[in-house]
Amino acid sequence: MPTPEFITSLRKKIGSELLWLSGATAVIQRDSGDILLVRRSDNGNWTPVTGIVDPGENPALTCLREAQEEANVEIEVVAFAQLKADPPQQFTNGDRCQFLDHTFYCRYISGEARVNDEESSQVRWVPVEQLADYCGERMLDRIDAALNYRDGARFGFEAV
């Protein structure tokens, strides 16, 4: 799904000013240990399934919705792994935003992983030991937090 309607409505009122938004990351692992990654259509980066939390939506439910919308998979949200503010970012159209990301460890249940909407150009299961070949530092941090959730949720306090 492209930019959610509530954001386009806000943008009509505030222009490109910085928006503080909630985001959710679903680190999805299947029984083999592989992690599901999607290649974003907007910037070509490989990431776990991510999405903007709709107003009033629980971020864990965002993971369920986005996994289905982006990759055609049904998942179980197992644990909350990390809460962290991303650095502010600017999109090519000039819009600025900053996300408070909620990262969850998720287990694959069913569905053939495939590109399921226009947000992704590729979908791939990647062995954990190969993740650094695909993802940048910020996404690797989210994946690490999810894979190590048994140590307790992480809360990022570094300045952005």
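It should be noted that the structure appears before, not after, this text.
We now turn to the structure provided with this report. Quick caveat: nothing in here was measured; it's all calculated off a predicted structure. (Residues numbered from 1 in each chain as written. Predicted model: local features only at pLDDT ≥ 70, side-chain atom pairs only at ≥ 80, totals over all residues. Heavy atoms only, no water.)

### Re the pairing of strand β5 (residues 74-85)
Our working rule: Pairing between strands requires that DSSP locate at least two bridges from one strand to the other. Where helices and strands are cited, they refer to DSSP runs of H or I of at least four residues and of E of at least two residues respectively, numbered from the N terminus.
Inspection of the sheet shows β5 paired to strand β7 (residues 96-110) by 10 bridges, in the antiparallel sense. Residue pairing in the sheet places glutamate 76 in a bridge with arginine 107 of β7. Bridging between β5 and strand β9 (residues 154-155) involves 2 bridges; their strand directions are parallel. Bridge pairing in β9 links leucine 83 to phenylalanine 155.

### Description of the pairing of strand β2 (residues 35-40)
Bridge count for β2 against strand β8 (residues 120-126) is 6 bridges, and the pairing is antiparallel. Bridge pairing in β8 places leucine 37 opposite arginine 124. Sheet topology places β2 next to strand β3 (residues 46-47); 2 bridges connect them, and they run antiparallel. Considered in β3, the bridge of arginine 39 is made with tryptophan 46.

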